Amino acid sequence: TELSERILSRSAINLEALLQMLYRAGMNYEIDRVITNGNGTTQPQGIVGATGVRTVARQVASQVSDDDLVDLQYAVQGYHRQGAVYFPGDDVMQYLSKTYDNEARPLFRPSTAGGAYDRLVGYPWATNYVAPTLGSNGDVIFGNPQHYFLAVEDEVTIARSDHYQFRSNIVAFKVFAVVGGRPISP
């Protein structure tokens, strides 16, 4: 990113601090994305499509049922289920929030008595905002996140150069990180 020294000095907010916050958030989002969907060539190997990761066919295409979640749970070896979590995509959670039992009661909604529904088929869940869309392979992931190895060679680094275009009064910022990873125990 290139900015003039004038905009940096005249900004009503600390523009450099804002940029650093946005860079870090963007880089964290990208790392989350490649942990889920990375190709393993120029980025970490993602969970979706990794060798040995089991997939489960749905009862009904482009839908998620309780039976689908149970089948996914049991596709993972029993000794790998300890500490496991469901990672459904945001649109999967929207779909589940509109699911009702035979008496028209919502199945996946907060309860006034017990608080927010914090389990899917007995396991905790955390929304995966970088998951593939509902009906795509990987729209719900189940497993123990400790079974993914992420190597960080260089932390997220943000550098500033006042010398890049010194004569034009332009300041340059760059952001980078060096990471690799893959599922250890699919």
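As a reminder, the structure under discussion sits directly above these lines.
Residues numbered from 1 in each chain as written. Predicted model: local features only at pLDDT ≥ 70, side-chain atom pairs only at ≥ 80, totals over all residues. Heavy atoms only, no water.

Caption draft 1: Main features of the overall build of the protein chain. Looking only at helices and strands, the protein chain has four helices and seven strands in total. In the protein chain, the order of α-helices and β-strands from amino to carboxyl end is β-α-α-α-β-α-β-β-β-β-β. In summary, the protein chain has a C-alpha radius of gyration of 22 Å against a globular reference of 16 Å for 186 residues, an excess of more than 25%. Projected onto the principal axes, the alpha-carbon positions of the protein chain cover approximately 70 × 40 × 30 Å. For the protein chain, buried positions account for 30% of its 186 residues. Taking all contacts inside the protein chain whose residues are at least 6 apart in sequence as the whole, residues at least 24 apart take part in 65%. (Helix = DSSP H or I, 4+ residues; strand = E, 2+ residues; numbered from the N terminus. Rg over C-alpha atoms; globule rule 2.2 N^0.38 Å. Buried < 20%, exposed > 50% of the residue type's maximum accessible area, 1.4 Å probe, protein only. Contact = heavy atoms within 4.5 Å.)

Caption draft 2: Region of interest: helix α2 (residues 15–37). With 23 residues, α2 extends 32 Å from end C-alpha to end C-alpha; this agrees with the ideal 33 Å at 1.5 Å per step. For α2, the full list of buried residues reads Leu15, Leu19, Tyr23, Met27, Ile31, Val34, Ile35 and Thr36. Tucked into the core, α2 has its buried residues touching β1 (2–4), α1 (5–10), β5 (140–143), β6 (148–165) and β7 (170–183). (Expected span 1.5 Å × (residues − 1).)

Caption draft 3: Region of interest: the pattern of salt bridges. This structure, assessed with the given rule, holds six salt bridges. Between Glu16 and Arg160 there is a salt bridge; the shortest N-O distance is 2.5 Å. Of the two residues, Glu16 sits in helix α2 while Arg160 sits in strand β6, which places them 144 residues apart along the sequence. Its relative accessible area of 39% is what places Arg160 among the partly exposed residues. The partner of Glu103 in a salt bridge is Arg105, and the shortest N-O contact between them spans 3.6 Å. Judged by relative accessible area, which is 45%, Arg105 ranks as partly exposed. Overlapping salt bridges bring together Glu16, Arg160 and Asp162 as one network. (Salt bridge = Lys/Arg side-chain N within 4 Å of Asp/Glu carboxyl O.)

Caption draft 4: The pairing of β6, seen in detail. With twelve bridges connecting them, β6 and β7 associate as antiparallel partners. Counted as the bridge partner of Thr157 is Phe176 from β7. (Pairing = 2+ DSSP bridges.)

Caption draft 5: Main features of helix α3 (residues 66–75). Three or more residues of α3 are buried, namely Asp68, Leu69, Leu72, Gln73 and Ala75. For α3, the buried positions fall inside an angular range of 160 degrees around the axis, keeping them on one side. In this structure, the buried residues of α3 make contact with β2 (85–88), β3 (119–120), β4 (123–124) and β5. (Arc of directions from axis to C-beta.)

Caption draft 6: Summary view of the nonpolar core. Core analysis: the biggest nonpolar cluster contains 14 residues, and Val64, Leu69, Tyr86, Leu96, Leu120, Val140 and Phe142 have the highest contact counts within it. Of all elements in the fold, only α3, α4 (90–97) and β5 reach the threshold of two or more residues within this core. For this core, the leading source of residues is α4, giving three residues. Counting residues in each nonpolar core, the second largest holds eight residues, with Leu8, Leu15, Leu19 and Phe173 among its members. (Core = buried A, V, L, I, M, F, W, Y, C linked by side-chain atoms within 4.5 Å.)

In short, shape yes, function no, at least from these values alone.
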